[in-house]
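Spelled out from the first residue to the last, the chains are:
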Amino acid sequence: MSHVPAAPFTRAGILTGIRLSLPLWPSIAVFGAAFGAAAAQRGVSLGEAVGASALVYAGSAQMVTLEVWGQPWTVSALLAAMTVTGLINARMILMGATIQPWMRGTPLWRTAMTLFVLVDASWLIGVRHRSEGGRDLGVLFGAGIGLWPLWVASTAAGHFAGALVTQPRAYALDMILPIFFAAMLAPLWRGVRPALPWLASGLVALVVQRLVPGYAFIAAGAVAGLVTGLLVDDGAAR
């Protein structure tokens, strides 16, 4: 078996990843503060909220888990939290699979470090970098690590601020993240056929969200996108 050279991982790449994450900082700050404020209202201590942001580093999962947060904890509440978190973060399996060829040959410690800070935004920044011919894994790591301290700090600020950021929709601040994702996805457009899995995923998720209570729409959308992607031949090399 021939040895596969590892992708470069440079300081310049890390700095580039951090720079590319800068447009997301306002949204992350607002989202983190909103989580901190919501956690405080649920009776979560400052240490618990900040610890969750530092160690879990999964904004949507953290926010939704608050919906089933129980004090004192019961077995059913714990299972509900685990199920919700698992459903939401199941998308990370697909995201990890897409970057596996890029990370092939990378030392285990560097892989673990990069995957720890992998979030939706850093994945998208990294995928775009690679689609444009880049190979530096530092970009993927930099995009994730650049947002991590801001997420933790804004969680603490939100916990102190309380109700100040509980209604970000009133200022349309909740639109910053979707707009950023749309802008990042636009250069990846390769026609209608390759976009069918995204369309199927979104439509199925919307329908299930309307018909089925809870968070089953997340899993349904993910499965629909995966199945559609397997059925659609987008002409990519295999």
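That block above? That's the structure.
J.: What is the right way to read the overall build of the protein from this model?
T.: A tally of regular secondary structure across the protein gives 12 helices and 0 strands. Along its sequence from the N terminus, the protein presents helices and strands in the succession α-α-α-α-α-α-α-α-α-α-α-α. A total of 238 residues make up the protein; the buried ones form 37% of that total. Sequence-distant contacts in the protein: of pairs separated by 6 or more residues, those separated by 24 or more amount to 81%. Surface summary for the protein: the accessible area is close to 13300 Å², and the carbon and sulfur share equals 71%.

J.: So what exactly am I meant to see when it comes to the side chain of Ser 154 here?
T.: Tracing the chain through its elements places Ser 154 in helix α9 (residues 137-161). When its relative accessible area of 7% is taken as the criterion, Ser 154 is described as buried. A polar contact of 3.1 Å, which involves the side chain of Ser 154, links it to the backbone oxygen of Trp 151. Dropping the residues within four chain positions of it, Ser 154 is found in contact with Ile 28, Ala 29, Gly 32 and Ala 33.

J.: I tried to follow the pattern of salt bridges on my own but got confused; where do I start?
T.: Opposite charge on two side chains permits them to pair, given that their charged atoms come into close proximity. In the structure shown here, the tally under the stated rule is 1 salt bridge. Here Arg 128 and Glu 132 are joined by a salt bridge, their closest N and O atoms 3.2 Å apart.

J.: I tried to follow the nonpolar core on my own but got confused; where do I start?
T.: The tendency in soluble globular proteins is for nonpolar side chains to be buried as a group. By size, the foremost hydrophobic cluster in this structure holds 26 residues, and its most contacted members are Tyr 57, Ile 99, Trp 102, Trp 123, Leu 137, Leu 140 and Leu 147. Ala 58, Ala 61, Val 64 and Ile 88 belong to the second-largest nonpolar core, a separate cluster that totals 5 residues.

J.: Would you take a moment to explain the side chain of Ser 53 for this structure?
T.: As for its position among the elements, Ser 53 is in helix α3 (residues 46-55). Within the structure, Ser 53 has its side chain in polar contact with the side chain of Gln 62 (distance 3.1 Å).

J.: For this particular structure, what's the right way to read the packing of α3 against α9?
T.: Relative placement of two packed helices is described by the angle separating their axes and the distance separating the axes. Following both chains from N to C, one finds α3 and α9 inclined at 160 degrees, their axes separated by 9 Å at the closest point. As summarised for this structure, α3 and α9 are arranged roughly antiparallel, according to the angle between their axes. Read as a crossing pair, α3 and α9 show a hand that is right-handed. Here Leu 46, Ala 49, Val 50, Ser 53 and Ala 54 of α3 lie close against α9, whose contacting residues are Trp 148, Trp 151, Val 152, Thr 155, Ala 156, His 159 and Phe 160.

J.: I tried to follow helix α2 (residues 25-41) on my own but got confused; where do I start?
T.: Three or four residues apart is the spacing at which side chains of an α-helix point the same way, because the helix has 3.6 residues per turn. For α2, spanning 17 residues, the distance from its first C-alpha to its last is 24 Å, which sits close to the expected 24 Å at 1.5 Å a residue. Positioned one or two residues after α2, Gly 43 has a phi angle of 85 degrees, which is positive.

J.: Looking at this structure, how should I read the packing of aromatic side chains?
T.: To describe a pair of aromatic rings, you give the distance between the ring centres and the angle between the ring planes. Throughout the structure, instances matching the rule amount to 3 aromatic pairs. Measuring from ring centre to ring centre gives 5.6 Å for Phe 9 and Phe 141, while their planes differ by 50 degrees; the resulting arrangement is tilted. With Phe 9 in the segment before α1 (11-21) and Phe 141 in helix α9, this residue pair connects regions lying 132 residues apart in the sequence. Seen from their ring centres, Phe 35 and Trp 151 are 6.2 Å apart, and the 20 degrees between their planes marks the pair as stacked. You can see Phe 35 sitting in helix α2 and its partner Trp 151 sitting in helix α9, a full 116 residues away along the chain. Considered together, Phe 35 and Trp 151 belong to a single accessibility category, that of buried residues. An aromatic cluster of three or more residues is present, and its members are Phe 31, Phe 35 and Trp 151.

J.: Help me out: how do you make sense of the environment of Val 64 in this one?
T.: Note that Val 64 resides in helix α4 (residues 59-65). You can call Val 64 buried: its relative accessible area is 15%. Spatially, the C-alpha atoms of Val 64 and Val 84 are 7.4 Å apart, while their sequence positions differ by 20 residues.

J.: I tried to follow a nonpolar patch on the surface on my own but got confused; where do I start?
T.: A surface patch of nonpolar side chains, about 520 Å² in accessible area, is lined by Trp 73, Val 75, Leu 78, Leu 79 and Met 82. Mapping Leu 78 onto the fold places it in helix α5 (residues 75-89).

J.: Just to check I follow, could you spell out the environment of Trp 69 for this structure?
T.: Residue position: Trp 69 is located in the loop between α4 and α5. Look at Trp 69 and you get partly exposed, because its relative accessible area is 25%. Counting along the chain gives 27 residues from Trp 69 to Arg 42, while the straight-line C-alpha distance between them is 7.5 Å. Once residues within four sequence positions are removed from consideration, Trp 69 is found in contact with Arg 42 and Val 44.

Cut-offs and rules
- Residues numbered from 1 in each chain as written.
- Predicted model: local features only at pLDDT ≥ 70, side-chain atom pairs only at ≥ 80, totals over all residues.
- Heavy atoms only, no water.
- Helix = DSSP H or I, 4+ residues; strand = E, 2+ residues; numbered from the N terminus.
- Buried < 20%, exposed > 50% of the residue type's maximum accessible area, 1.4 Å probe, protein only.
- Contact = heavy atoms within 4.5 Å.
- Areas by Shrake-Rupley, 256 points an atom, 1.4 Å probe, with all protein chains shown as cover.
- Polar contact = N/O pair within 3.5 Å; in protein donor to acceptor, adjacent residues only side chain to side chain.
- Salt bridge = Lys/Arg side-chain N within 4 Å of Asp/Glu carboxyl O.
- Core = buried A, V, L, I, M, F, W, Y, C linked by side-chain atoms within 4.5 Å.
- Axes fitted to C-alpha atoms, helices over the stretch in contact; angles between N-to-C directions.
- Parallel < 35°, antiparallel > 145°, perpendicular 65-115°, else oblique.
- Left-handed = near helix turned anticlockwise from the far one by under 90°.
- Expected span 1.5 Å × (residues − 1).
- Phe/Tyr/Trp six-rings, centres within 6.5 Å; stacked < 30°, edge-to-face > 60°.
- Patch = residues over 30% accessible without salt bridge, like charges linked within 9 Å, V, L, I, M, F, W, Y side chains within 5 Å.

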